[in-house]
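Examining the three-dimensional arrangement
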Amino acid sequence: MKLEPFFLPNMKQIVLLMIGLAMTGAAFAQDAAPSPERIQSTVNYLASDKLKGRGTETKGGEQAAAYVEKQFKAIGLQPAVGGQFFQQFVFARGKHYNLHSKNVIGYIDNGASRTVIIGAHYDHLGHGELFNGRYPNEIHNGADDNASGVAGLLELARHYQGNGVKEPFNFMFIAFWGEELGLHGSKYYTRYPLDSLNKVQFMLNMDMIGRYNPERGVGFGGYGTAKEWPEIFKGVQDGGIKFFTDGSGKGGSDHHSFYVAGVPVLFLHTGGHDDYHKPTDDAPKVDAIAEAGILKIAIQLIDNAMKFERLTYVTQD
Ligand SMILES: [Zn+2]
């Protein structure tokens, strides 16, 4: 009997197999850990004078949105809004009507029934025109507020897209616009969510995570918004980063919109400083090494929170 060598791959198949393995290897080798160098380069770009402070309805703000979209694509996120990454909306503020704005939204579909939402606002004050006008002719670069949070958003997206693990939850990454003018991006999203908010495990918000101060430590707000957070925080390795928890689900950033809509939240914040909302909130002052450490804590918390089928929302007055 003649043995058919059908089980022996020919040379072409071997080569294809090797290319396939090499490509898989490359995908897994993509560094999925938060990187201080990448964080700094994201902050440097978003907080450069070129983007003129990323004000709402300004060219610099549009450029920031385009940058986030480009990064989402490069990381491999899926467009979440009917084949595109932008969720467009208009809002009014005082005598300014029809301010055009957009959230940038990317998705990792793990075929799960529930989703983790991770967010950070990408707008800042521009020249401060719509604000108190303390420095009306100067660019407010907003490196800590909130280029640092967007850098964190991109690092977490890269981690969960590139870690080679099929997580038990889907992930939605949202860069909000209009935050500085009154949480408009998150208000709009929670009013017109792309999927039911009942399916959201929790929302993690990063706003100003670039000025780690070892005396104060980084705050994790929202600790009191789900019954399970204390359990989730157990055994987390801080890697030398000092952190503390704070119970409140409400506050002056985008997690507030989700919390009042019934979603448990977590809010990362390294605290106020002398450059807050001033033209001097610049990129060289961001501590990217500490920020990477903070994100490593966040990853452990996200991973622990995914061990629960559902978090139990806690109402606060
Ligand atoms: Zn902010």
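This text gives an overview of the structure that appears in the document. Everything quoted here is computed from the prediction, not taken from an experiment.

Re the packing of helix α2 (residues 36-46) against helix α3 (residues 59-75)
The contact between α2 and α3 brings their axes to 10 Å, and the two run at 155°. Accordingly, the angle class assigned to the pair α2 and α3 is roughly antiparallel. From α2, T42, Y45 and L46 reach across to α3, where they touch Q63, A64 and Y67. The residue makeup of the contact of α2 with α3, split by class, is four nonpolar, two polar and no charged.

Quick notes on the pairing of strand β6 (residues 200-206)
Of all seven residues that make up β6, seven are buried, and the element is covered over most of its length. Bridge count between strand β4 (residues 115-121) and β6: five bridges; the pairing is parallel. Note that in β6 the partner of G119 across the bridge is N205.

Description of the nonpolar core
Counting residues in hydrophobic clusters, the biggest one holds 64 residues, and the most contacted among them are I118, F173 and L204. No other element matches helix α8 (residues 288-305), which puts eleven residues into this core. The residues contacting F173, other than those within four sequence positions of it, are F72, L77, V104, I105, G106, I108, I118, L153, L156, A157 and Y160. By size, the runner-up hydrophobic cluster in this structure holds 15 residues, among which are V81, I117, M172 and V265.

Digging into the side chain of S148
By the element assignment, S148 lies in helix α4 (residues 143-162). Each residue touching S148, except ones within four places of it in the same chain, is listed here: V43, A143, M208, I209, G210 and E291.

Rules and cut-offs
- Counting restarts for each chain: residues are numbered from 1 in the order of the written sequence.
- Owing to the predicted nature of the model, reporting of local features is limited to residues with pLDDT of at least 70; listing and counting of side-chain atom pairs is limited to 80 or more, with chain, interface and lining totals taken over all residues.
- As a rule here, side-chain values cover all heavy atoms of the structure and leave hydrogens and water aside.
- Between the N-to-C directions of two axes lies an angle of 0 to 180 degrees, each axis being a line fitted to C-alpha atoms and, for a helix, fitted only over the stretch in contact.
- Strands here are runs of E lasting at least two residues and helices are runs of H or I lasting at least four, both read from the DSSP assignment and numbered beginning at the N terminus.
- We call two directions roughly parallel when the angle between them is under 35 degrees, roughly antiparallel when it is over 145, roughly perpendicular when it lies between 65 and 115, and oblique otherwise.
- Any two residues whose heavy atoms approach within 4.5 Å at even a single point are treated as in contact.
- Throughout, the ten residues Ala, Val, Leu, Ile, Met, Phe, Trp, Tyr, Cys and Pro are labelled nonpolar, Asp, Glu, Lys and Arg are labelled charged, and all others, Gly among them, are labelled polar.
- Only protein chains enter the calculation, and the probe is 1.4 Å; a residue is then buried if its accessible area is under 20% of its type maximum, exposed if over 50%, and partly exposed in between.
- The criterion for strand pairing is that DSSP finds at least two bridges linking the strands in question.
- Only buried residues count toward a nonpolar core. Its members are Ala, Val, Leu, Ile, Met, Phe, Trp, Tyr and Cys residues joined through side-chain atoms within 4.5 Å.

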